[in-house]
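Here is what each chain is made of, one letter per residue.
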Amino acid sequence: MDAATDCLTMNGRVVRIRAVEPDDAAALLALHQALSPQNRYLRFFSAGAAVDAEVRRLVRPCGPEHVSLLVEESGGVVGAGSYERIDAEHADFALVVADDHHGEGLGTLLLERLAAAARRSGITELVGQILPENAAMIKVSRDLAPGVRRGLAVVDGAVHVQVPTLPDEAALAAVAARDRTAEHHSLRPLLAPTSVAVIGAGRRPGGIGHEVLAALRDGGYTGELYAVNPHARGEVHDVAAYASVNRIGAPVDLAVIAVAAAAVPEVIGQCCAAGVRAAVVLTDGVGAPEQAQMVDIARRHAMRIVGPNCLGVINTDPAVRLTAAFSPAPPARGGLAVATQSGAVGVAILQEAARSGAGISSFVSLGNKADVSGNDLLAYWYDDPATRAVALYLESFGNPRRFAWTARALARRKPVLAVKSGRCESGQRAGASHTAAAAAPDNAVAALFEQAGVIRTDTLGELLDAARVLTDQPLPNGRRLAVVGNAGGLNVLAADAADAAELTLPGRIGTAPNPADLGAGATAEALAGTVAAAARSGAADLLLVTFVATRTNDWTAALPAVGAALDGCPDVPAAVVVVGADNAPRSLGRRRVPVFDLPEPAVRALGRAAQYAAWRREPLGDRPQLTGIDAAAARVIVRDALGAGDGWQPAPVAQALLGCYGIPTLDTRPAADADEAVRRAAGIGYPVAVKAALPGLVHKTDVGAVRLGLRDAAEVRAAYRAIAAALGLTEPPVVVQPMAAAGVELVAGVAHDPLFGSLVMLGLGGVHTDVLDDRVLRLLPVTDRDAPAMWRALRGARLLTGFRGEPAADTGALEDLVLRIGRLAEDFPEIAELDLNPVLAGPHGCRAVDVKLRLAAVGTEPDPFVRQLTVKAP
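A.B. asks: Explain helix α1 (residues 25–33) to me, and be specific about the residues and the numbers.
C.D. replies: Buried residues of α1: L28, L31 and H32, and no others. The arc that holds every buried residue of α1, seen down its axis, measures 95°, which confines them to one face. At its buried positions, α1 is contacted by α2 (37–44), α3 (52–58), β4 (76–85) and β5 (90–97).

Printed below as a string of structure tokens:
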């Protein structure tokens, strides 16, 4: 079983879920005995049921046939859940929740974890018998699987419910909705506190505590503000000071902590005892043991923590005006929410936002991410009315698979932009297979962002440029760009940049050419009129206005006129480039059209808006129904193979496993010596290929371990001897295959990452795989929209659609193969690496020629479908 995990209830409190142990018998007995007669009746179908046998059942050791979990809060057991295996694919589940904890979502949390544990054991469905009047428990099953079939007919006095262990899109959407509700309740004391205490606020200017207290006071914080310092009395910076937080004598939502690192756990404990609901730990140098202790104390008291080693948090909402940070200056109010792991980068973002005119709704410096993470904030910002876009600076992921579905849900409503550092780190994975090498960390991040609809930029400047367009401008309906201005050179640069930004320039916009150059002497009225005509023409989806200030024109009149013209056309996103005007405004008009210094960044920002809008218009894919899959047989193959140990598997094992999922492979027959190779060749029919079959040997061609087009027994024997000599072995294992029909050579496969989970790869393959480096990755699950998008994203995609007279490949068969590989990876995280190279794609289908498979026991990485809080060591 997994280790204990901390989770949020629907009302934002923190509970711990863990496996039941024998020592829990007394607590479980007390839980059951405290149930009201009505709740005991609903659970056991009898108000007088004896609970001793139930407790004995729950405390049995967990295993493939039985799992039991409990929920702890403040040291007491407040819920329990279990399943008992019925057959290979089904298990019976049961849940119980303390009377005074109904409505908090504990049953749903337990059922999520039971489903995850059952899924890892090959169980596909949890079933249960529920009394018709037990509406709460029926709702729990519906919460986990809203799209699931269930027999609502009452049989023998009970409703039969069926919950798949692998959630569908509807179930994931329901999980995300519950997650957002819990996070909103949990983080509100952090981001919208009604009272703040700054602990470590000294009298000396320049100290972190003193400066944060000053920032809160000077920023007009609307709630109650307190200073805490054991050596300060009276007031600090005109704020009432107390020796400790428990001396305040009034509720405190948020504590901002700026004390010595060694004192942080003790201060956290004092805050918990005083009922503080959230803390921002600014202190750096907190060691791993102290950080773990700090989080453990906070979790046991349902307190959330940002940091340690962070810059602080900011909320510009006029109803809050929270500046609990020691950044140089508070930002202007706006629609961009920012989360950053680096305090220094946070200062840079705030400074650049102030320079460029990008307004901030809220800002969180995450620091070490001991508790609150970017995932938590994404869930909170989903329903934040002040936030119109989200910007992230990321250095690492705690649970990237949770990030994928949290960010995707948010991106369907608001733009999410990100800069991820470490793109060129020297620690790129050097896997044994082509697939593992392709699944290097930055490639995995790129795949995650693409599937989640996250707009990735290379620099902070590009991020804020795009944010300025996306927070204040409408989304474009297409990629057609109109350029209007008084400077032909700037227009040409804009046109060149449009191509790189994947924007198109129609030759004419109405009766005017595009770009439209009005000349340096154009009047304000002429410029404004042309801008309005272009915006209203219906021939452009985006508009760029360029303006060069000279001694012969009046930019102070021209720019307001352009702003007014754009205000009259609110449905077309726009940007303005102004050159040569000192102190030009950073935005124009009521709709805050962003003003840029140069055309290239403006066009890139508009291009990213068009890219995001196109993603928003695309429907989300579904996990399709696939026929001809025998998951039970595949599980036996994997179990037996792992019984002999982790590692690369013989060809027959790999072929058999792929066969269970209907993945077509070339007829491959193993041979232990030359005589057997001749017999295998005769059985297949000439011509044949003979290849080395050493597990883990990737580049067989490079070492002379492949012989093709063998026409008779003598050539097979000669080939076998040549392979043996090349490998330095007397009798190497080989495989014999028929010569494959011609087709486009592709590579496909799976690589499993402890953080990102399994990634599916498709690319141009064969002996040139590494040279061409034309590959696409997807995280699980692979949907019916991912599969076609993968081959279409290849630079060599034209080879599949008929190139220079060659017949087109059966792309439908290719998509089916990719979907089946994805489903295999989804069902078996034990697949550490799967490499199909080459896959031959032709007009009559697709078939894998060479297959390499490495299996490994499943680790304890976070389940992507389970809500939990994480602990990150510094």
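There's more to say after this.
A.B. asks: Could you give an account of the nonpolar core, naming the residues involved and the relevant values?
C.D. replies: Counting residues in hydrophobic clusters, the biggest one holds 109 residues, and the most contacted among them are F403 and L544. The greatest single-element share of this core, amounting to eight residues, is contributed by helix α19 (residues 599–617). Apart from the residues lying within four places of it in its own chain, the contact partners of F403 are N375, L378, L392, L394, F397, R408, L448, F449 and V454. With 44 residues, the next largest nonpolar core counts V760, F828, A841 and L853 among its residues.

A.B. asks: Go over the sheet that holds strand β11 (residues 235–236), please, and point to the residues and values.
C.D. replies: Spatial strand order, β11-β12-β10-β9-β13-β14-β15: seven strands in an open sheet with mixed pairing. Looking at strand neighbours, the two that pair on one side only are β11 and β15 (304–306), the edges of this open sheet. Strand direction decides the pairing type here: strand β10 (residues 224–228) and strand β12 (residues 239–242), joined by two bridges, are parallel. The residue bridging A227 from the neighbouring strand is A241, located in β12.

A.B. asks: How would you explain the pairing of strand β37 (residues 757–764) if you had to name every residue and give the values?
C.D. replies: Of all eight residues in β37, eight are buried, a share of seventy percent or more. Bridging between strand β36 (residues 744–753) and β37 involves eight bridges; their strand directions are antiparallel. When the bridges of β37 are listed, L746 appears paired with L764. Across five bridges, the pairing between β37 and strand β38 (residues 775–779) is antiparallel. Bridge pairing in β38 places M761 opposite L777.

Analysis parameters
- Residues numbered from 1 in each chain as written.
- Predicted model: local features only at pLDDT ≥ 70, side-chain atom pairs only at ≥ 80, totals over all residues.
- Heavy atoms only, no water.
- Buried < 20%, exposed > 50% of the residue type's maximum accessible area, 1.4 Å probe, protein only.
- Helix = DSSP H or I, 4+ residues; strand = E, 2+ residues; numbered from the N terminus.
- Arc of directions from axis to C-beta.
- Contact = heavy atoms within 4.5 Å.
- Core = buried A, V, L, I, M, F, W, Y, C linked by side-chain atoms within 4.5 Å.
- Pairing = 2+ DSSP bridges.

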